[in-house]
Amino acid sequence: MESVTYLNCRDGIADADLDRLRAGDSVELTGSVVSLRDASAARLAHALAVGEPLPISLERRLLYAVGPSPAKPGQIIGSAGPTTTARMARFLPALFDAGVRGIIGKGELHGSDAAAFTAHGAAYFAAIGGLGALLAKQIRSSRIVAYDDLGPEALYELEIDAFPVVVIIDRAGNNFHETARARWRRPGRAGA
């Protein structure tokens with residue numbers, strides 16, 4: 001049975017916690033993350049570029065690439081599955097410079113998009129796409145903290161509990177998508 005690493009991100013995420021993670025590790029996150037989508041990423045990056053103050057501190061934060069659907073009666077949040085991180089990759093270096101320590105999303109990152117994580121000491125986590133309704137059950141509270149005019153692309157602060165992710169890119173630059181694919185292609189692998 002594969003072990004799971006439990007991380008508390010209530011007050012951001014500590015460098016020591018990120019240092020011990022390896023690409024391929026299963027992790028359960030508990031604490032606070034801030035949502036990120038294309039429009040909010042662009043707005044944050046623009047504010048940083050022109051020297052405007054940010055609406056929230058990004059220091060030591062984890063950002064979750066998600067645009068939650070509206071909550072139905074009795075729900076905290078609607079479906080809250082990950083969105084494709086690559087669409088926001090051009091904004092990530094600026095966000096990392098502002099203190100972001102990791103991104104939760106989905107999809108592969110390669111080349112300069114992946115290298116930005118290593119250059120800034122950040123980690124890339126993947127949540128499983130297609131499980132938005134189930135992942136929403138791990139969200140204990142949701143509130144808009146900025147850019148409410150963007151609707152589902154606003155910045156939401158999400159309190160999460162035992163939120164399952166996998167480390168895709170660790171701080172050393174190891175990329176789980178690439179290493180897993182290389183193992184699969186290796187001649188003589190079991191089941192080949």
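Structure first, text after, so check above.
As a convention, each chain's residues are numbered from 1 in the sequence order in which they are written. Where local features are concerned, this predicted model is filtered to residues with pLDDT of at least 70; where side-chain atom pairs are given and counted, the filter is 80 or more; whole-chain, interface and lining totals use all residues. Hydrogens are left out, water is left out, and the side-chain values use all remaining heavy atoms of the structure.

Visitor: Just checking my understanding: could you explain a nonpolar patch on the surface for this structure?
Guide: There is a patch of nonpolar side chains on the surface, built from I128, L131 and L134 and spanning about 270 Å² of accessible area. Under the scheme used here, helices are H or I runs from DSSP no shorter than 4 residues and strands are E runs no shorter than 2 residues, and both carry numbers assigned from the N terminus. Secondary-structure assignment places L131 in the loop between β5 (123-126) and α5 (132-136). The rule is simple: take the accessible area with a 1.4 Å probe, protein chains only, and divide by the maximum for that residue type; under 20% is buried, over 50% is exposed, in between is partly exposed. Owing to a relative accessible area of 31%, L131 belongs among the partly exposed residues under this scheme. Each patch is built from residues lacking any salt bridge and having more than 30% relative accessible area; the joining distance is 9 Å for like charges and 5 Å for nonpolar side chains (Val, Leu, Ile, Met, Phe, Trp, Tyr). Reported accessibility uses the Shrake-Rupley method at a 1.4 Å probe radius. Residues are deemed covered only where the shown protein chains occlude them. Salt bridge criterion: a side-chain nitrogen from Lys or Arg within 4 Å of a carboxyl oxygen from Asp or Glu.

Visitor: How should I be thinking about the pairing of β5 in this particular structure?
Guide: The side chains of a regular strand alternate between both faces of the sheet. By the alternation rule, side chains of β5 split into A123 and F125 and Y124 and A126, which are all buried. Here the rule is simple: two strands pair whenever DSSP picks up at least two bridges between them. Direction of pairing for strand β4 (residues 102-105) relative to β5: parallel, over a ladder of 4 bridges. Across the sheet, the residue bridging to G102 is A123, located in β5. For the crossover that starts at β4, traverses helix α4 (residues 111-119) and ends in the parallel β5, the hand is right-handed. Note on handedness: a clockwise path from strand one over the helix to strand two, with the strands aimed away from the viewer, defines a right-handed crossover.

Visitor: Help me understand unusual backbone geometry in this model?
Guide: The phi angle of most residues is negative, glycine excepted, and most peptide bonds adopt the trans form. A positive phi angle is found at Y147, which is not glycine, with a value near 60°. Mapped onto the secondary structure, Y147 falls in the loop between β6 (139-146) and β7 (155-169). Despite not being glycine, A162 shows a phi value in the positive range, around 50°. Secondary-structure assignment places A162 in strand β7. Its relative accessible area of 24% is what places A162 among the partly exposed residues.

Visitor: Help me out: how do you make sense of the side chain of D170 in this one?
Guide: Tracing the sequence through the fold places D170 in the loop between β7 and α6 (176-185). For the purpose of counting charges, residues Lys and Arg are taken to be positive, whereas Asp and Glu are taken to be negative. His and the chain ends are not included. Although D170 is buried, it forms no salt bridge, and the closest oppositely charged side chain is R22 at an N-O distance of 5.0 Å. N or O atoms within 3.5 Å of each other form a polar contact, as long as, within protein, one can give a hydrogen and the other can take it, and as long as residues adjacent in sequence are counted only when both atoms are side-chain atoms. Within the structure, the side chain of D170 is placed 2.9 Å from the backbone nitrogen of N174, a separation counted as a polar contact. Ignoring anything within four residues of it in the chain, the contact list for D170 reads L21, R22, A23, T118 and A122. In what follows, a contact means two residues having at least one pair of non-hydrogen atoms within 4.5 Å.

Visitor: Looking at this structure, I do not really get the nonpolar core. What am I missing?
Guide: Where a protein is soluble and globular, its nonpolar side chains tend to be buried together. Residues grouped as a nonpolar core are buried Ala, Val, Leu, Ile, Met, Phe, Trp, Tyr and Cys residues, joined through side-chain atoms within 4.5 Å. Formed by 30 residues in total, the largest nonpolar core has its most connected members in L36, L63, L95, F96, I103 and F117. For this core, the secondary structure elements donating two or more residues are β2 (26-36), α2 (38-50), β3 (62-65), α3 (92-97), α4, β5 and β7. Those residues within four positions of I103 in sequence are excluded, and the remaining contacts are L63, T85, L92, F96, F117, A123, Y124 and F125. Within the second largest apolar cluster, 27 residues are counted, among which are L7, L18, I160 and V165.

Visitor: Is there a simple way to explain the pattern of salt bridges in this structure?
Guide: Pairs can form between side chains of opposite charge whenever their charged atoms are close. Across all of its chains, the model carries 12 salt bridges by this definition. Here R171 and D19 are joined by a salt bridge, their closest N and O atoms 2.8 Å apart. With R171 in the loop between β7 and α6 and D19 in helix α1 (residues 15-19), this pair connects stretches of sequence that are 152 residues apart. Residue classification places R171 among the buried positions, given a relative accessible area of 19%. In this structure D19 comes out as partly exposed when scored by relative accessible area, which is 44%. A network of salt bridges, in which partner residues are shared, links D15, D19, R101 and R171.

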